[in-house]
Amino acid sequence: GNSVTQMEGPVTLSEEAFLTINCTYTATGYPSLFWYVQYPGEGLQLLLKATKADDKGSNKGFEATYRKETTSFHLEKGSVQVSDSAVYFCALSDRDTGRRALTFGSGTRLQVQP
Amino acid sequence: DAEITQSPRHKITETGRQVTLACHQTWNHNNMFWYRQDLGHGLRLIHYSYGVQDTNKGEVSDGYSVSRSNTEDLPLTLESAASSQTSVYFCASSRDNYEQYFGPGTRLTVT
């Protein structure tokens, strides 16, 4: 079956530091990949997505590249801000199986200190 | 603006009671989903629907049911609430491009 593995948190960084959150996946088909962000007390918001190999999703300074050869979709940002403190979820959907629901990783909490 | 709403936002109930959580979306999306969020597990799929009168079980469906009588609503019912169902519940919807939009969540406590 499908699965998503994320690095455990919390990840604690100082403002303006470089961020990487690792995500690897296992899928039976050819998935689409997503990063969602959850701010305290809120629902999940789509941060970025990629639908095919070598695609790069980007939004708000965050980037992730779909690497089929390493089955990875690592999230990066060059300079984090305090406002980026949140929980980040990597997820996939598997179009080949017709499954439209998402499979999520366990989430990684990011704490950015001023 | 189109949106997805959940109610109530917070609920405390007793073991054994029936509870229904509401989810309403105004995007006219065909697909709707219920997930639960627990520490260390991320979000896990409870039930989902691809259209009116269509419902399907997810990975953690035991003790839950849904019905889809129109496009906008997918209520989630806990038939007999158990302490193991204390969680935060999220509803989501999507068109067929697999990008899902999430509601604000319902925090349910079963005592």
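See above for the structure.
Residues numbered from 1 in each chain as written. Chains lettered and ligands numbered in written order. Predicted model: local features only at pLDDT ≥ 70, side-chain atom pairs only at ≥ 80, totals over all residues. Heavy atoms only, no water.

### A closer look at the overall build of chain B
Applicable threshold: By the criteria applied, helices consist of DSSP H or I runs no shorter than four residues and strands consist of E runs no shorter than two, each listed in order from the N terminus. Throughout, the radius of gyration refers to the C-alpha atoms, and the reference size of a globule is 2.2 Å times the residue count to the power 0.38. Exposed residues in this analysis have more than 50% of their type's maximum accessible area, buried residues have under 20%, and partly exposed residues fall in between, with area computed by a 1.4 Å probe over protein chains only. Residue contacts are defined here by distance: any two heavy atoms, one from each residue, within 4.5 Å place the two residues in contact.
Helix and strand counts for chain B stand at zero helices and 11 strands. Taken from N to C terminus, the helices and strands of chain B fall in the order β-β-β-β-β-β-β-β-β-β-β. Taken over the C-alpha trace, chain B has a radius of gyration of 13 Å; the compact-globule value for 111 residues is 13 Å, and the two agree within 12%. Seen through its C-alpha atoms, chain B measures out along the principal axes to roughly 40 × 25 × 25 Å. Within chain B, the proportion of its 111 residues that are buried is 48%. Restricting to contacts in chain B with at least 6 residues of sequence separation, those with at least 24 account for 53%.

### Let's talk about unusual backbone geometry
Cis peptide bonds are those with omega within 30 degrees of zero, and the linkage from Gly9(A) to Pro10(A) qualifies with 0 degrees. Relative to the helices and strands, Pro10(A) resides in the loop between strand 1 (3-6) and strand 2 (11-14). Residues Ser7(B) and Pro8(B) are joined by a peptide bond in cis, for which omega reads -5 degrees. As for its placement among the helices and strands, Pro8(B) is situated in the loop between strand 1 (4-7) and strand 2 (10-13).

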